[in-house]
Amino acid sequence: MRTVLRVLVLLTLPLLATGGDDPMGAWGTLSPDEQKEALSFAEEYKRFINVSRTELTTVREVLAFARAHGYKDLFATDKASPGDRLFALNRDRAIALIRVGRKGSREGLRIVGAHIDSPRIDLKARPIYSSGGYALFQTIYHGGIKKYQWSSLPLMLLGRVDRKDGTTVYVEVGMDPTDPVFVIPDLAPHVDRDYRSRTAREVIKGEELDPIVGSLPGTDGVEKAILAILAEKYGIERDDFVSGELSLVPALPPRDVGLDRALVGAYGQDDRLSSFCAYRALEAAGPPERSAIAFLVDNEETGSINNTGATSSFLKDAIARLIEIEAGEFGENVLRNALKQTQVISADVTTGINPLFAGVQESTNAAKVGHGVVIKRYGRGQDAHSEFIAVIRGILDKEGIAWQTHTYKVDVGGGGTIARFLSKENMDVIDMGVAILSMHSTFSLSSKADLFLLYRFLTAFYEGEGVGGR
Ligand code: MN
Ligand code: MN
């Protein structure tokens, strides 16, 4: 508690002095009470992101939150009334939380979509092998990683294995500080001369991302010894990995960053940061005018593929079901008409200006960490239409929420997220989020002020009447 109070003093004094002009960024727009709220919201976020390290564990957390707050299964309910709380679970890898609006969902909805998968390393179907007296895992990475960041780093193993008898084994090794971890061994500078000319992308190659799983020889060799531990502790045999989804993620806990504690450092903030804000804002909002959905989706980092990714028909199916149980009837034309009147915020983090590499951004159009909610303007036909952006600006300014824009430096980089797949369904979709540092790394940095402002903005978006209808 003492520490928290000291932080408040640090953050509050300069604000009173400057009156919150631009150099103070988003913090300068928050009253002392709001700053306190932002700091405590960040503590809840750190608790969430510590245990939500894959789509499976994130869905588990969000579902537990939903059940604790009275959300009922959409697909096991046959009636919905304004104010009802519902959830739609998609194969334990994606989830939508829903608040039923005063207006029928057939008149359009307010949706926030965010992804819950992050770049990581997965085990192959036949992962276990031995080399040089060590047992190792063969792996294949998920999403765009800088591979060198993953060596010499404690990794935890998370996921599930489904056995032929229909039972599921949940694996979580490395979360508890007393658990063992897994490490991809790097070369010492004493012996790496032949490797020094490798380019940045190939310092560690994809097939060199195999962590050590064991080193005790046992009577039949290290590989058999590890298989014996797997059988004894988890009831998993070699073939069971074929029907397993096991991921290696950094085993580091979230931490405050900097003496002023203004930043959160954590693995997986892309994009469990927006995901957290999305479902917490849905719950914080009052009973909404229009039905509101926090849609948390898998596989964005690999192209939004598969039936749990944003290209799946799952969201549409859930909306169809919602309309059906609200009105007692349903038609494809009713769904199409609802989608046409729906507004979506595709929330995702983006790359903030890095003080060490500022040149990779075009500073007049680049987003800064700690400077508020970001409206993304990618250009090249990807953006929300100007009239929808104007609606969003209206909400931000009415709520007094600090905001900025982001456009990538031309011909240098780029990015995109689930917006394109949702807009395909004739909904109005805008890309927004917050800026972070070290995006797609093993430990990225976000601003507690930005986190809080995104949460507040999404709350206002859900609550607002908006300007639906075309
Ligand atoms: Mn993302
Ligand atoms: Mn990403």
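Above this text sits the structure in question.
Described in the following lines is the structure provided in the data block. Model, not experiment: these values are computed from the prediction. (Residues numbered from 1 in each chain as written. Chains lettered and ligands numbered in written order. Predicted model: local features only at pLDDT ≥ 70, side-chain atom pairs only at ≥ 80, totals over all residues. Heavy atoms only, no water.)

### A closer look at the overall build of the chain
And then number 1: The secondary structure content of the chain amounts to 10 helices and 20 strands.
And then number 2: What you see for the chain is a C-alpha radius of gyration of 23 Å, in line with the 23 Å of a compact globule of 470 residues.
And then number 3: Taking the principal axes of the C-alpha coordinates as reference, the chain spans close to 70 × 60 × 50 Å.
And then number 4: Classification of the 470 residues of the chain by burial places 51% in the buried group.
And then number 5: Considering only contacts in the chain between residues 6 or more positions apart, those separated by 24 or more positions represent 77%.
And then number 6: For the chain, the exposed surface amounts to about 21100 Å²; the carbon and sulfur share of it is 52%. (Helix = DSSP H or I, 4+ residues; strand = E, 2+ residues; numbered from the N terminus. Rg over C-alpha atoms; globule rule 2.2 N^0.38 Å. Buried < 20%, exposed > 50% of the residue type's maximum accessible area, 1.4 Å probe, protein only. Contact = heavy atoms within 4.5 Å. Areas by Shrake-Rupley, 256 points an atom, 1.4 Å probe, with all protein chains shown as cover.)

### Overview of the coordination of the manganese ion (ligand 2)
And then number 1: Binding of the manganese ion (ligand 2) to the protein goes through Asp-270 (OD), Glu-301 (OE), Glu-301 (OE) and His-440 (NE2), at separations of 2.1 to 2.6 Å.
And then number 2: Donor residues for the manganese ion (ligand 2), ordered by position in the chain, follow D-x30-E-x138-H. (Donors = N, O, S within 2.8 Å, 3.2 Å for Na, K, Ca; no water.)

### Here's the deal with the sheet that holds strand β6 (residues 134–142)
And then number 1: If you trace the 6 strands from one edge of the open sheet to the other, you get β8-β7-β10-β5-β6-β9, paired in antiparallel fashion. Looking at the sheet topology across the chains shown, the edges are occupied by β8 (168–173) and β9 (212–214). Recorded for the sheet is a direction-independent mean angle of 30 degrees between the axes of neighbouring strands.
And then number 2: In this sheet, strand β10 (residues 244–250) lies alongside strand β7 (residues 155–162) in antiparallel orientation, the contact comprising 7 bridges. In the strand pairing of β10, Arg-160 is matched with Glu-245.
And then number 3: Contacting β5 (120–131), β7, β8 and β10, helix α3 (residues 55–68) runs over the sheet at an angle of about 80 degrees to β7. (Pairing = 2+ DSSP bridges. Axes fitted to C-alpha atoms, helices over the stretch in contact; angles between N-to-C directions.)

### Let's talk about helix α5 (residues 269–284)
And then number 1: The end-to-end C-alpha distance of α5 is 21 Å, a good match for the 22 Å that 16 residues give at a rise of 1.5 Å each.
And then number 2: Counting buried residues in α5 gives 15 out of 16 residues, a clear majority hidden from the surface. (Expected span 1.5 Å × (residues − 1).)

### Side note on the pairing of β7
And then number 1: Most of β7 sits out of view: 7 of its 8 residues are buried.
And then number 2: Where β7 and β8 come together, 6 bridges link them in antiparallel fashion. Residue Val-161 lies in a different strand from β8, and its bridge partner there is Val-169.
And then number 3: As consecutive antiparallel partners, β7 and β8 are separated by 5 residues, and within that stretch Gly-166 has a phi angle of approximately 90 degrees, a positive value.

### Describing the coordination of the manganese ion (ligand 1)
And then number 1: Looking at the manganese ion (ligand 1), the protein donor atoms are His-115 (NE2), Asp-270 (OD), Asp-348 (OD) and Asp-348 (OD), and they sit 2.1 to 2.3 Å from it.
And then number 2: All donors of the manganese ion (ligand 1) come from a single chain, and their spacing in sequence reads H-x154-D-x77-D.
And then number 3: The metal-metal distance between the manganese ion (ligand 1) and the manganese ion (ligand 2) comes to 3.3 Å, with Asp-270 coordinating both. One end of the pair, His-115, is in strand β4 (residues 110–115); the other, Asp-348, is in the loop between β14 (343–347) and β15 (350–351), and 233 residues separate them in sequence. Residues His-115 and Asp-348 agree in their burial class; the two are buried.

### Quick word on the packing of helix α2 (residues 32–51) against α5
And then number 1: Here α2 crosses α5 at 120 degrees, and the two axes come no closer than 11 Å. Taken together, the axis directions place α2 and α5 in an arrangement best described as oblique. Where α2 crosses over α5, the handedness of that crossing is right-handed. In contact with Phe-41, Glu-44, Tyr-45, Phe-48 and Ile-49 of α2, α5 contributes Gln-269, Arg-272, Leu-273, Phe-276, Cys-277, Tyr-279 and Arg-280.
And then number 2: When the residues that make up the contact of α2 with α5 are grouped by side-chain class, the tally is 8 nonpolar, 1 polar and 3 charged. (Parallel < 35°, antiparallel > 145°, perpendicular 65-115°, else oblique. Left-handed = near helix turned anticlockwise from the far one by under 90°. Nonpolar A, V, L, I, M, F, W, Y, C, P; charged D, E, K, R; others polar.)

### What about the pairing of strand β16 (residues 373–376)?
Two faces make up the sheet, and in a regular strand the side chains alternate between them.
And then number 1: Residues of β16 alternate between two faces, with Val-373 and Ile-375 on one and Val-374 and Lys-376 on the opposite face, all of them buried.
And then number 2: Here β16 runs beside strand β17 (residues 403–406); their pairing, made up of 4 bridges, is parallel. Opposite Val-373, over in β17, you have Trp-403 as the bridge partner.
And then number 3: Since β16 and β17 lie parallel, the crossover through helix α8 (residues 386–398) that links them has a hand, and here it is right-handed. (Right-handed = clockwise from strand over helix to strand, strands pointing away.)

### Things to note about empty space enclosed by the protein
And then number 1: Within this structure, the stated rule accounts for 1 cavity of 30 Å³ or more.
And then number 2: Estimates place the volume of the largest cavity at around 50 Å³.
And then number 3: What lines the largest cavity is simply Ser-118, Pro-119, Tyr-267, Gly-268, Gln-269, Asp-270, His-440, Ser-441 and Ser-444.
And then number 4: Here the lining of the largest cavity is composed, by residue class, of 2 nonpolar, 6 polar and 1 charged. (1 Å grid on protein atoms, 1.4 Å probe; cavity = no way out; pocket = protein on both sides within 12 Å on 5 of 7 lines; lining within 4 Å. Points joined across faces, edges and corners; volume = space filled by probe spheres on them.)

### Examining the pattern of salt bridges
And then number 1: Under the defined criterion, the tally for this structure stands at 28 salt bridges.
And then number 2: A salt bridge links Glu-425 to Lys-424, with the nearest nitrogen and oxygen atoms 3.8 Å apart. (Salt bridge = Lys/Arg side-chain N within 4 Å of Asp/Glu carboxyl O.)

### Quick look at the layout of surface pockets
And then number 1: Estimated volume of the largest pocket: approximately 1300 Å³.
And then number 2: Residue lining of the largest pocket: 37 residues in total, with Lys-146, Arg-201, Thr-351, Met-439 and His-440 positioned closest to the centre.
And then number 3: Class assignment for the residues of the lining of the largest pocket results in 13 nonpolar, 16 polar and 8 charged.
And then number 4: Counting the residues that make up the lining of the largest pocket, at least three belong to each of domain 1 (2–118 + 267–463) and domain 2 (120–250).
And then number 5: In this structure, the second largest pocket encloses a volume near 480 Å³.
And then number 6: If you go around the second largest pocket, you meet 24 residues; those closest to its centre are Pro-180, Phe-182, Val-213, Ile-226 and Ile-229. (Domains from an automatic or database assignment.)

Everything listed is a geometric property; what it means functionally is a separate question.
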